[in-house]
Amino acid sequence: SHWPESGETPDRSGAYGVWLWFIEGTGMTHTQLADRLAEMGVGRVYIKVADDQMSCTSWPELCDPAVPNIYRSRGVEPWAWSYNYPGSEYGQSTALYRAAQSGYEGYVIDIEIEFDGAGHDQTESLFSAFTQARTDAISAGLIRHHSDMPIYVTTWGNPRDHTLSIGAIDPWVDAYMPQTYLAVWGASFMSDGPRWICEGTADYRALGATKPIYHIISTEYGEISPSQLNTALLTAGPNASLWRFPGGSTPSTIWEDWRAIDWGPTPASFTPCE
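Residues numbered from 1 in each chain as written. Predicted model: local features only at pLDDT ≥ 70, side-chain atom pairs only at ≥ 80, totals over all residues. Heavy atoms only, no water.

### What about the packing of helix α3 (residues 89-102) against helix α4 (residues 120-139)?
A pair of packed helices can be characterised by two numbers: the angle between their axes and the separation between those axes. Two numbers describe how α3 lies on α4: the axes approach to 8 Å, and their chain directions differ by 35°. The element α3 and its partner α4 pack so that their crossing is right-handed. For the pair α3 and α4, contact is made by E89, Q92, S93, L96, Y97 and A100 and by Q122, S125, L126, A129, F130, A133, R134, D136 and A137, respectively. Here the residues of the contact of α3 with α4 are counted per class, giving 8 nonpolar, 4 polar and 3 charged. (Axes fitted to C-alpha atoms, helices over the stretch in contact; angles between N-to-C directions. Helix = DSSP H or I, 4+ residues; strand = E, 2+ residues; numbered from the N terminus. Left-handed = near helix turned anticlockwise from the far one by under 90°. Contact = heavy atoms within 4.5 Å. Nonpolar A, V, L, I, M, F, W, Y, C, P; charged D, E, K, R; others polar.)

Given below as C-alpha coordinates:
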(Lines give C-alpha, C1' and ligand atoms only; values in the text may rest on other atoms or scores of the structure.)
Protein backbone atom coordinates (compact mmCIF):
# COMPACT_ATOMS: atom_id res chain seq x y z
CA SER A 1 0.00 0.00 0.00
CA HIS A 2 0.99 3.64 -0.12
CA TRP A 3 0.19 6.88 1.68
CA PRO A 4 -2.54 7.89 1.30
CA GLU A 5 -4.39 4.70 0.43
CA SER A 6 -5.95 4.70 -3.00
CA GLY A 7 -9.14 6.74 -3.06
CA GLU A 8 -8.71 8.10 0.45
CA THR A 9 -8.18 11.65 1.57
CA PRO A 10 -5.34 11.87 4.09
CA ASP A 11 -6.78 13.46 7.18
CA ARG A 12 -5.29 16.80 8.10
CA SER A 13 -1.87 17.48 6.66
CA GLY A 14 -0.17 14.75 8.65
CA ALA A 15 1.75 15.35 11.83
CA TYR A 16 4.21 13.19 13.73
CA GLY A 17 3.17 13.07 17.37
CA VAL A 18 4.21 12.01 20.86
CA TRP A 19 2.22 10.43 23.70
CA LEU A 20 1.71 11.77 27.21
CA TRP A 21 0.64 9.32 29.90
CA PHE A 22 0.47 11.71 32.85
CA ILE A 23 2.13 15.09 33.21
CA GLU A 24 3.48 14.40 36.73
CA GLY A 25 5.73 11.68 35.30
CA THR A 26 7.60 14.15 33.09
CA GLY A 27 8.70 16.51 35.87
CA MET A 28 7.53 19.40 33.69
CA THR A 29 4.49 21.63 33.32
CA HIS A 30 2.33 21.57 30.21
CA THR A 31 3.81 24.94 29.24
CA GLN A 32 7.38 23.64 29.54
CA LEU A 33 6.45 20.51 27.61
CA ALA A 34 4.71 22.47 24.87
CA ASP A 35 7.68 24.84 24.53
CA ARG A 36 10.05 21.90 24.09
CA LEU A 37 7.83 20.16 21.53
CA ALA A 38 7.42 23.36 19.53
CA GLU A 39 11.18 23.91 19.59
CA MET A 40 11.75 20.40 18.17
CA GLY A 41 9.01 20.76 15.55
CA VAL A 42 6.67 18.05 16.89
CA GLY A 43 3.31 18.40 15.19
CA ARG A 44 0.92 16.69 17.61
CA VAL A 45 0.59 15.61 21.25
CA TYR A 46 -1.70 12.83 22.53
CA ILE A 47 -2.77 13.68 26.09
CA LYS A 48 -4.40 11.09 28.33
CA VAL A 49 -7.76 12.37 29.57
CA ALA A 50 -9.59 9.30 30.92
CA ASP A 51 -9.26 5.74 32.17
CA ASP A 52 -12.64 3.96 32.16
CA GLN A 53 -15.33 6.46 33.28
CA MET A 54 -14.96 10.17 32.63
CA SER A 55 -13.61 12.03 35.67
CA CYS A 56 -12.48 15.64 35.74
CA THR A 57 -10.96 14.98 39.15
CA SER A 58 -8.77 12.04 38.12
CA TRP A 59 -7.84 13.58 34.77
CA PRO A 60 -8.09 17.39 35.03
CA GLU A 61 -6.63 17.71 31.51
CA LEU A 62 -10.00 16.58 30.16
CA CYS A 63 -11.98 19.49 31.54
CA ASP A 64 -9.45 22.33 31.39
CA PRO A 65 -9.49 24.19 28.05
CA ALA A 66 -6.22 25.87 29.05
CA VAL A 67 -4.33 22.58 28.52
CA PRO A 68 -5.08 22.06 24.80
CA ASN A 69 -4.73 25.80 24.25
CA ILE A 70 -1.17 25.76 25.63
CA TYR A 71 -0.15 23.31 22.88
CA ARG A 72 -2.29 24.79 20.10
CA SER A 73 -0.89 28.29 20.69
CA ARG A 74 2.58 26.84 20.03
CA GLY A 75 1.58 25.07 16.82
CA VAL A 76 1.25 21.58 18.36
CA GLU A 77 -2.11 19.85 17.69
CA PRO A 78 -3.64 18.69 21.01
CA TRP A 79 -5.41 15.32 20.86
CA ALA A 80 -7.07 13.42 23.70
CA TRP A 81 -6.85 9.69 24.45
CA SER A 82 -8.37 7.29 26.94
CA TYR A 83 -7.86 3.71 28.07
CA ASN A 84 -11.14 1.85 27.66
CA TYR A 85 -12.93 -1.29 28.85
CA PRO A 86 -15.92 -3.42 27.85
CA GLY A 87 -19.21 -2.22 29.36
CA SER A 88 -20.32 1.18 30.72
CA GLU A 89 -19.98 2.55 27.20
CA TYR A 90 -21.92 5.75 27.77
CA GLY A 91 -19.89 6.76 30.82
CA GLN A 92 -16.67 6.19 28.91
CA SER A 93 -17.79 7.92 25.71
CA THR A 94 -18.76 11.15 27.48
CA ALA A 95 -15.01 11.83 27.70
CA LEU A 96 -15.02 12.52 23.95
CA TYR A 97 -17.86 15.02 24.30
CA ARG A 98 -16.02 16.75 27.13
CA ALA A 99 -12.77 16.74 25.11
CA ALA A 100 -14.59 18.49 22.27
CA GLN A 101 -15.89 21.03 24.77
CA SER A 102 -12.35 21.69 26.01
CA GLY A 103 -10.96 22.16 22.51
CA TYR A 104 -9.07 18.96 21.72
CA GLU A 105 -8.73 18.30 17.99
CA GLY A 106 -8.96 14.51 17.85
CA TYR A 107 -9.60 11.48 20.04
CA VAL A 108 -7.89 8.10 20.34
CA ILE A 109 -9.56 5.09 21.97
CA ASP A 110 -7.02 2.67 23.50
CA ILE A 111 -8.27 -0.92 23.79
CA GLU A 112 -6.03 -3.78 24.82
CA ILE A 113 -6.20 -7.06 26.75
CA GLU A 114 -9.73 -6.48 28.08
CA PHE A 115 -11.09 -6.66 24.52
CA ASP A 116 -9.34 -9.88 23.55
CA GLY A 117 -12.26 -12.23 23.09
CA ALA A 118 -14.82 -9.55 24.01
CA GLY A 119 -16.73 -10.34 20.82
CA HIS A 120 -18.15 -8.28 17.98
CA ASP A 121 -21.21 -6.85 19.74
CA GLN A 122 -19.47 -5.72 22.91
CA THR A 123 -16.62 -4.16 20.94
CA GLU A 124 -19.00 -2.41 18.55
CA SER A 125 -21.01 -1.04 21.49
CA LEU A 126 -18.02 0.95 22.72
CA PHE A 127 -17.15 2.44 19.35
CA SER A 128 -20.74 3.27 18.45
CA ALA A 129 -21.07 5.08 21.81
CA PHE A 130 -18.01 7.23 21.08
CA THR A 131 -19.35 7.98 17.60
CA GLN A 132 -22.66 9.05 19.15
CA ALA A 133 -20.77 11.31 21.57
CA ARG A 134 -19.16 13.00 18.56
CA THR A 135 -22.58 13.40 16.91
CA ASP A 136 -23.85 14.97 20.15
CA ALA A 137 -20.88 17.36 20.15
CA ILE A 138 -21.79 18.44 16.61
CA SER A 139 -25.44 18.92 17.61
CA ALA A 140 -24.34 21.05 20.58
CA GLY A 141 -22.20 23.23 18.31
CA LEU A 142 -18.94 22.21 19.99
CA ILE A 143 -17.52 21.04 16.65
CA ARG A 144 -18.85 21.63 13.14
CA HIS A 145 -18.13 18.31 11.47
CA HIS A 146 -16.84 14.84 12.34
CA SER A 147 -13.54 15.78 10.69
CA ASP A 148 -13.06 18.35 13.50
CA MET A 149 -12.75 15.42 15.94
CA PRO A 150 -11.35 12.34 14.15
CA ILE A 151 -11.67 9.10 16.13
CA TYR A 152 -8.66 6.79 15.97
CA VAL A 153 -8.13 3.48 17.74
CA THR A 154 -4.85 2.23 19.16
CA THR A 155 -4.31 -1.41 19.99
CA TRP A 156 -1.96 -4.33 19.33
CA GLY A 157 0.85 -4.06 16.79
CA ASN A 158 0.46 -7.82 16.18
CA PRO A 159 -3.34 -8.24 15.90
CA ARG A 160 -3.15 -11.77 14.50
CA ASP A 161 -1.86 -12.92 17.89
CA HIS A 162 -4.96 -11.54 19.63
CA THR A 163 -8.68 -12.24 19.46
CA LEU A 164 -9.79 -8.69 18.74
CA SER A 165 -12.73 -8.01 16.42
CA ILE A 166 -11.35 -5.60 13.80
CA GLY A 167 -14.64 -5.98 11.93
CA ALA A 168 -16.51 -4.48 14.88
CA ILE A 169 -14.17 -1.47 14.97
CA ASP A 170 -13.63 -0.63 11.31
CA PRO A 171 -16.94 1.14 10.48
CA TRP A 172 -16.62 3.50 13.44
CA VAL A 173 -13.03 4.78 13.29
CA ASP A 174 -11.12 7.15 11.03
CA ALA A 175 -7.74 5.41 11.44
CA TYR A 176 -5.78 2.75 13.30
CA MET A 177 -2.65 3.31 15.41
CA PRO A 178 -0.97 -0.08 15.97
CA GLN A 179 1.37 -0.24 18.96
CA THR A 180 4.39 -1.31 16.94
CA TYR A 181 6.78 -1.36 19.88
CA LEU A 182 10.03 -2.26 18.12
CA ALA A 183 12.16 -1.31 21.14
CA VAL A 184 10.13 -3.58 23.41
CA TRP A 185 10.24 -6.49 20.94
CA GLY A 186 14.03 -6.48 20.63
CA ALA A 187 17.13 -5.62 18.61
CA SER A 188 16.18 -7.52 15.44
CA PHE A 189 12.90 -5.58 15.29
CA MET A 190 14.59 -2.19 15.83
CA SER A 191 17.12 -2.90 13.08
CA ASP A 192 14.44 -3.84 10.53
CA GLY A 193 11.60 -1.49 11.49
CA PRO A 194 10.01 -1.05 8.04
CA ARG A 195 9.63 -4.82 7.61
CA TRP A 196 7.72 -5.21 10.88
CA ILE A 197 5.65 -2.09 10.30
CA CYS A 198 4.60 -3.42 6.90
CA GLU A 199 3.84 -6.85 8.37
CA GLY A 200 1.62 -5.19 10.97
CA THR A 201 -0.18 -3.18 8.30
CA ALA A 202 -0.72 -6.37 6.25
CA ASP A 203 -2.15 -8.13 9.33
CA TYR A 204 -4.65 -5.33 9.91
CA ARG A 205 -5.71 -5.40 6.27
CA ALA A 206 -6.10 -9.18 6.33
CA LEU A 207 -8.34 -8.87 9.39
CA GLY A 208 -10.61 -6.38 7.65
CA ALA A 209 -9.17 -2.94 8.42
CA THR A 210 -10.01 -0.52 5.58
CA LYS A 211 -9.02 2.79 7.21
CA PRO A 212 -5.57 4.47 7.22
CA ILE A 213 -2.95 2.91 9.50
CA TYR A 214 -0.46 5.06 11.42
CA HIS A 215 1.98 3.18 13.65
CA ILE A 216 3.14 4.12 17.15
CA ILE A 217 6.85 3.40 17.69
CA SER A 218 8.10 2.87 21.24
CA THR A 219 11.19 4.75 22.42
CA GLU A 220 10.66 4.17 26.13
CA TYR A 221 13.85 2.22 26.85
CA GLY A 222 16.20 4.68 25.17
CA GLU A 223 17.65 1.88 23.03
CA ILE A 224 16.30 2.57 19.54
CA SER A 225 18.60 4.98 17.67
CA PRO A 226 17.49 8.19 15.95
CA SER A 227 18.42 6.73 12.54
CA GLN A 228 16.32 3.62 13.26
CA LEU A 229 13.46 5.88 14.33
CA ASN A 230 13.70 8.07 11.23
CA THR A 231 13.69 4.99 8.99
CA ALA A 232 10.70 3.51 10.83
CA LEU A 233 8.74 6.75 10.78
CA LEU A 234 9.01 7.02 7.00
CA THR A 235 7.11 3.74 6.68
CA ALA A 236 4.82 4.26 9.68
CA GLY A 237 2.53 6.80 7.99
CA PRO A 238 2.00 10.58 7.99
CA ASN A 239 0.41 10.55 11.45
CA ALA A 240 2.93 8.18 13.04
CA SER A 241 3.91 8.82 16.65
CA LEU A 242 6.24 7.90 19.50
CA TRP A 243 5.37 6.40 22.90
CA ARG A 244 6.13 8.04 25.32
CA PHE A 245 7.46 11.19 26.98
CA PRO A 246 10.71 10.84 28.95
CA GLY A 247 10.29 10.90 32.72
CA GLY A 248 9.83 8.46 35.57
CA SER A 249 10.84 5.01 34.34
CA THR A 250 11.53 6.41 30.86
CA PRO A 251 15.13 7.70 30.58
CA SER A 252 15.66 11.44 30.11
CA THR A 253 18.32 10.63 27.47
CA ILE A 254 15.40 9.99 25.10
CA TRP A 255 15.07 13.77 24.72
CA GLU A 256 18.41 13.74 22.89
CA ASP A 257 17.21 10.94 20.61
CA TRP A 258 14.04 12.87 19.88
CA ARG A 259 16.00 16.02 19.05
CA ALA A 260 17.84 14.07 16.37
CA ILE A 261 14.61 12.99 14.63
CA ASP A 262 13.38 14.70 11.46
CA TRP A 263 10.03 15.90 12.79
CA GLY A 264 8.97 17.61 9.63
CA PRO A 265 7.28 19.18 7.98
CA THR A 266 5.99 15.66 7.39
CA PRO A 267 7.49 14.30 4.18
CA ALA A 268 5.09 14.23 1.23
CA SER A 269 6.14 10.75 0.11
CA PHE A 270 6.57 7.77 2.34
CA THR A 271 8.48 4.53 1.89
CA PRO A 272 5.73 2.25 0.60
CA CYS A 273 5.09 -1.22 1.94
CA GLU A 274 5.49 -3.77 -0.86
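### Notes on the state of the cysteines
All chains considered together, the criterion is met by 1 disulfide. Across the disulfide from C56 sits C63; the S-S distance is 1.8 Å. Residues C56 and C63 share a disulfide whose torsion about the S-S bond is about -65°; that sign makes it left-handed. The exposure class assigned to C56 is partly exposed, which follows from its relative accessible area of 31%. (Disulfide = S-S within 2.5 Å. Buried < 20%, exposed > 50% of the residue type's maximum accessible area, 1.4 Å probe, protein only.)

### Observations regarding the nonpolar core
In this structure, Y71, Y107 and W258 are the most contacted members of the largest nonpolar core, which totals 67 residues. Broken down by element, this core gets its largest block of residues, 5 residues, from α4. Counting 12 residues, the second-largest nonpolar core is a separate cluster that includes W79, Y214, I216 and W243. (Core = buried A, V, L, I, M, F, W, Y, C linked by side-chain atoms within 4.5 Å.)

### Points about the pattern of salt bridges
Side chains bearing opposite charge may pair, as long as their charged atoms lie close to each other. Applying the stated rule across the entire model yields 9 salt bridges. The partner of E77 in a salt bridge is R44, with the nearest N and O atoms 3.0 Å apart. A residue pair is termed long-range when its members are at least 10 positions apart, and E77 in strand β3 (residues 77-83) and R44 in strand β2 (residues 44-51) qualify at 33 residues. This pair shows no difference in class: E77 is buried, exactly as R44 is. In this structure, the salt-bridge partner of D174 is R134, at a minimum N-O distance of 3.0 Å. Taken together, the positions of D174 in the loop between α5 (166-169) and β6 (175-180) and R134 in helix α4 put the pair 40 residues apart, joining distant regions of the chain. (Salt bridge = Lys/Arg side-chain N within 4 Å of Asp/Glu carboxyl O.)

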